[in-house]
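Coordinate analysis (summary)
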Amino acid sequence: MPLLVTRSLLATSKRIHLIRAMSSGYLVEDPKFSFLRDLGIERVNAGVYNGSWKGSGPVIKSVDPATGQVIAEVKTGTVDEMKECIKTADEVYKEWSKLPAPFRGEIVRQIGDELRKYREPLGKLVSLEMGKIQAEGIGEVQEIIDICDYAVGLSRMFAGQIIPSERPKHVILEKWRPLGCIGVISAFNFPCAVHGWNAAIALTVGNSVLWKGAPSTSLVAIATTRIFAEVFKRNNLPPVATVCQGGADVGDVLVKDPRVKLVSFTGSSAVGQQVGVEVQRRFGKLILELGGNNALVVNDDADFNMALDAAFFGCIGTAGQRCTATRRLIIHEKIHDAFLAKLKTRYEGLLKRVGHPLDEKTLLGPVHNQQAVDNYLKAIEAVKKAGGTILVGGKQIDRPGFFVEPTIVTNIAPDHPLVKTETFAPIVYVLKAKNLDQAIEWNNAVDQGLSSALFTRDIGSIFQWIGNHGSDCGLVNINTSPSGAEIGGAFGGEKHTGGGRESGSDAWKQYCRRATITLNHSSEMPLAQGLVFE
């Protein structure tokens, strides 16, 4: 039989085998995925919760991006069901906000403890439905546990100020009060952590929370909400944390409703701008966590191996689908060639570690869906047309699911539109810089301003990097990766990244309204600035 015919038959056989595998049943029914049942996931799942589970909108299929197989189905919400959830969230806020803050903190503590019980199965679900490797999936759940712990302490500490008054027997007080219903619209790449950052803090300071997760990670949203709901029920409390999965029409209702006092949106800069305009139109409050085109700068005095480790994780982690993923690698010309050669070797060895996210040996999982593959391939073609060099990678991996090769691109100008565009895939553009001044200029020369990192041992370079004319990002790292962040600091970025801040530090203030209170405890009525009006 001719070789060409043999290859054709093999390819056809492979396709038939895949189709049969995909149609043989849902993963939720497979004993290998018993952790789904532990989380309450069934073949068909209601995607709306406001005290009871429902969902009368379109039924969608949740897909494992590593195989293309269906995990389970979700009955999404409708526009009317989103309105019902907003009404519920608005009403329960009034009861929840009257409870003492330390009591609210105790409930959040219990949520954290409940998440500890389900840390592994929920983390596995994150990996299965999103596509990130198991260590990252479990780590994402740990982020929510950590922010719950943080919020417990916050419940006894968040406070205003006592400010001296210029008038005798007067005092100025500052009080922070909750807003009401907080709407959270999260993206697929961190399907539960972003909700956790918002919810733990918002609940602690007295708000209710209504969540619309990405449709393609609806099972994570449902499983996480079940854990929250169980704690509220156990304490005879109303559904202070609700969810309504659905499409753009459902999200549009949340964005435009004036009862939703703050909208936290995570997604692209283009969609975030539209959300921002709609929320501002009704004078609502906003937290925008949008695009990132993050640079890692390696100075000539850097710890070579540390910088190499940071670049490898920053470019490869979550298959390049983190908001903080390294998109641009700016290397000092003195070490450029040696550094790039070492990085190329690591990339080439990575193909042995490609696999299913739930396989503990896997280091590179799939991108999330076919659209991500298409965007990757489109970018690769654009690189070739621009005359760039694909040093390693550049192809879709021939296996079931949505796998692509991590790619290093060289010989492309720092101001090329491709370099200035965030492609949500494992593609990094390598730039050769003459000095730190030039590296900082290139770091700041993109619209986005989320994360950045400099590797150096020079104290002067460190202070130049963090100074007024250094990196213009919200996350300005030194000798660590730009990818990822701890919960203790405020997370967010500048420029087209949106300016929002979530998680730690004083990000809690965004979920509150500030009242400045002047208290006169005298028997006279003096005016400010010594004004006499008589």
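What this report covers is the structure whose coordinates are included nearby. (Residues numbered from 1 in each chain as written. Predicted model: local features only at pLDDT ≥ 70, side-chain atom pairs only at ≥ 80, totals over all residues. Heavy atoms only, no water.)

1. Comments concerning helix α7 (residues 193-204)
With twelve residues, α7 extends 17 Å between its outermost C-alpha atoms, agreeing within 8% with the 16 Å of an ideal straight helix rising 1.5 Å per residue. Counting buried residues along α7, twelve of its twelve residues qualify, which places the element largely inside the surrounding structure. Taken together, the buried positions of α7 are Ala 193, Val 194, His 195, Gly 196, Trp 197, Asn 198, Ala 199, Ala 200, Ile 201, Ala 202, Leu 203 and Thr 204. (Helix = DSSP H or I, 4+ residues; strand = E, 2+ residues; numbered from the N terminus. Expected span 1.5 Å × (residues − 1). Buried < 20%, exposed > 50% of the residue type's maximum accessible area, 1.4 Å probe, protein only.)

2. A short note on the sheet that holds strand β10 (residues 241-244)
Ordered in space as β3-β2-β10-β9-β8-β11-β12, the seven strands form an open sheet in which the pairing is mixed. Lying at the two open borders of the sheet, with one neighbouring strand each, are β3 (53-54) and β12 (285-289). In terms of strand pairing, strand β2 (residues 48-49) meets β10 through two bridges, oriented antiparallel. Looking at β10, one finds that Val 48 is bridged to Cys 244. (Pairing = 2+ DSSP bridges.)

3. Let's talk about the pairing of strand β20 (residues 475-478)
Burial of the side chains of β20 is restricted to one face: Leu 475 and Asn 477 are buried, whereas none of Val 476 and Ile 478 on the reverse face is. Pairing between strand β19 (residues 451-455) and β20: four bridges, direction parallel. Bridge pairing links Ala 453 to Asn 477 in β20. At this point the chain moves from β19, through helix α15 (residues 459-466), to the parallel β20, and the crossover so formed is right-handed. (Right-handed = clockwise from strand over helix to strand, strands pointing away.)

4. Here's the deal with the packing of helix α4 (residues 101-117) against helix α8 (residues 218-234)
To characterise two packed helices, one gives the angle between the axes of the helices and the distance between these axes. At their nearest, the axes of α4 and α8 sit 9 Å apart, and the two run at 130° to each other. Regarding the angle of α4 to α8, the classification is oblique. With respect to the hand of their crossing, α4 and α8 are arranged in right-handed fashion. Across from Ile 107, Gln 110, Ile 111, Glu 114 and Leu 115 in α4, the residues of α8 making contact are Ile 227, Phe 228, Glu 230, Val 231, Phe 232 and Arg 234. Class assignment for the residues of the contact of α4 with α8 results in seven nonpolar, one polar and three charged. (Axes fitted to C-alpha atoms, helices over the stretch in contact; angles between N-to-C directions. Parallel < 35°, antiparallel > 145°, perpendicular 65-115°, else oblique. Left-handed = near helix turned anticlockwise from the far one by under 90°. Contact = heavy atoms within 4.5 Å. Nonpolar A, V, L, I, M, F, W, Y, C, P; charged D, E, K, R; others polar.)

5. Re unusual backbone geometry
For Lys 495, which is not glycine, the phi torsion reads 55° and is therefore positive. Mapped onto the elements of the fold, Lys 495 is located in strand β22 (residues 494-495).

6. Considerations on the nonpolar core
Counting residues in each nonpolar core, the largest one holds 73 residues, and the members touching the most others are Leu 36, Ile 111, Leu 115, Leu 125, Leu 203 and Phe 232. Leaving out residues up to four positions away in the same chain, Leu 125 has contacts with Phe 35, Leu 36, Leu 39, Met 130, Leu 219, Val 220 and Ala 223. If you look at the next biggest cluster of nonpolar residues, it comprises 57 residues, including Ala 310, Ile 397, Ile 412 and Ile 440. (Core = buried A, V, L, I, M, F, W, Y, C linked by side-chain atoms within 4.5 Å.)

7. Section: the pairing of strand β5 (residues 70-75)
With five of six residues buried, β5 is to be regarded as a mostly interior element. Here five bridges tie strand β4 (residues 59-63) to β5, and the two strands are oriented antiparallel to one another. Across the sheet, the residue bridging to Val 59 is Lys 75, located in β5. The hairpin formed by β4 and β5 contains six residues between the paired strands, and Gly 68 there has a positive phi angle of roughly 85°.

8. Considering helix α10 (residues 269-281)
One turn of the α-helix equals 3.6 residues, which is why residues spaced by three or four share an orientation. When the terminal C-alpha atoms of α10 are compared, their 18 Å separation across 13 residues agrees well with the 18 Å that a helix rising 1.5 Å per residue should span. Regarding α10, the residues found buried are Gly 272, Val 275, Gly 276 and Val 279. Looking down the long axis of α10, one finds its buried residues gathered within 105° of arc, a one-sided arrangement. Away from the buried face of α10 by more than 90 degrees, exposed residues Ala 270, Gln 273, Gln 274 and Arg 281 are located. In the core, the buried residues of α10 are packed alongside α9 (248-256), β11 (260-266) and β12. Phe 283 occupies a position one or two residues after α10 and carries a positive phi of about 60°. (Arc of directions from axis to C-beta.)

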